[in-house]
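Overview (structure and organization)
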Amino acid sequence: MTTRVLSGIQPSGTKHLGNYFGAIRQHIQLQDAHPGQCFYFIADYHALTTLHDADALRASVRELAVTYLALGLDPEKATLFRQSDVPEVTELAWLLATVTGMGLLERAHGYKDKVAKGITSSVGLFTYPVLMAADILIYDAALVPVGKDQIQHVEMTQDMATHFNQTYGKGTALLQRPEFRLSEAPYVTGTDGQKMSTSYGNTLPLFESGKRLKKLVGGIVTDSTELGTPLDPERCNVFALLKLFASAEELERIAGDYRAGSRDGEPFGYGHAKLVLAEHIDRHFSEARARREELLAHPERVEAVLQRGAARARATARATLERCRRACGLI
Ligand code: ADP
Ligand code: TRP
């Protein structure tokens, strides 16, 4: 039995360490566990609920495709495509909308959170979960790897599949009920100690290096304990980030330096830890940075990957839509 794995990623500017360790890394790892079965798409239709600038959207979509490819997504193993290259999904969203109660959408935390943040409440924003359900159901996805914030959307998708099957399927499983998979992702803290997030302005972007990276890492908030005084590593934002990169032995050694407030007889402070962290980040992403530069210089290669991915995805989408149209009486 094959397991179709599917996830959508919103294009929204530069991705950061939180996005990498929280989502992108797991997506890429899954391509080896489920070769040929992973579908990942760039959710540009969804992005339109918050972004109304065509050039910015195009740039974000390209940047995200480049990011995945640079970080190791292999188009031979996984299918990467643009959501809008398979417009069939919007038709399935309409069919699903006809069996989706208002109450279900009114309970969506994602919608409420966005409105609370000041995002204009449009019909598109309100029906966002219906389009997301169509994304999942049109590709017969069995497994949807997502972050915590998206679990409710997958549960709503399960409800919509059930209603659709009951209403139009005469007891047959026209649409497959998906399961979510919460990745064992670390909670990545930002430069201010809160959750790293674009909306908090506390991110460490992927692909920074050298002086600029050192400067960003230098901005991580620490307390003002004097250099050479013993420090508690477990209360330090720099140490929290180091855990993502350093080996257990190295962490143990650095924790010792913190507690002693010295290293090799010299005073040790947050500045030293920051240098170690910047070097780790620099090294960890150096290959990906080089691949990214190469891809940015060859946008046609990136476009070719997206086109090939869309052709593959579209074949599945058309078959599902055809089945559903027939069941609804549209053919
Ligand atoms: P942002 O908060 O920067 O807008 P998104 O909400 O677009 O990020 O998140 C995209 C993905 O990255 C989600 O799957 C989310 O769970 C993951 N992610 C984002 N920030 C973090 C973080 N600080 N720690 C772990 N995972 C994160
Ligand atoms: N709503 C998701 C997010 O903001 C993106 C998304 C759109 C998605 N369609 C999807 C995720 C389908 C998984 C499956 O992160």
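Residues numbered from 1 in each chain as written. Chains lettered and ligands numbered in written order. Predicted model: local features only at pLDDT ≥ 70, side-chain atom pairs only at ≥ 80, totals over all residues. Heavy atoms only, no water.

1. Examining the packing of aromatic side chains
Defined as follows: For Phe, Tyr and Trp, rings pair up if their centres lie within 6.5 Å, where Trp contributes its six-membered ring, and each pair is then called stacked (planes under 30 degrees apart), edge-to-face (over 60) or tilted (otherwise). Counting from the N terminus, the helices are the DSSP runs of H or I reaching at least four residues and the strands are the DSSP runs of E reaching at least two. Three exposure classes are used, based on accessible area relative to the maximum for each residue type with a 1.4 Å probe and protein chains only: buried under 20%, partly exposed in between, and exposed over 50%. Charge-over-ring contacts are defined here by two conditions on Lys NZ or Arg CZ: a distance within 6 Å of the ring centre and an angle within 35 degrees of the ring normal.
The final tally for this structure, using the stated rule, is 13 aromatic pairs. Judged by centre distance (5.4 Å) and plane angle (75°), the rings of Phe239 and Tyr258 are edge-to-face. Of this pair, Phe239 sits in helix H11 (residues 237-242) while Tyr258 sits in helix H12 (residues 248-260), and the two are 19 residues apart along the sequence. Assessed through its relative accessible area of 3%, Phe239 is described here as buried. Aromatic pair Tyr258 and Tyr270: ring centres 6.3 Å apart, planes at 65°, arrangement edge-to-face. Taken as a pair, Tyr258 in helix H12 and Tyr270 in helix H13 (residues 270-284) lie far apart in primary sequence, 12 residues in all. Residue Tyr270 is classed as buried on the basis of its relative accessible area, which comes to 11%. Members of the aromatic cluster, joined through ring pairs, are Tyr20, Phe21, Phe245 and Phe285. One residue, Arg4, lies across the ring of Phe39, its end atom 4.0 Å from the ring centre.

2. Thoughts on the environment of Cys38
This is how it is decided: Here, residues are in contact when the closest pair of their heavy atoms is within 4.5 Å.
Summarising the element assignment, Cys38 is placed in strand E2 (residues 38-42). Look past the residues within four positions of Cys38 in its chain and what remains in contact with it is Val5, Leu30, Gln31, Ala78 and Thr79.

So yeah, pure geometry; function would need other evidence.
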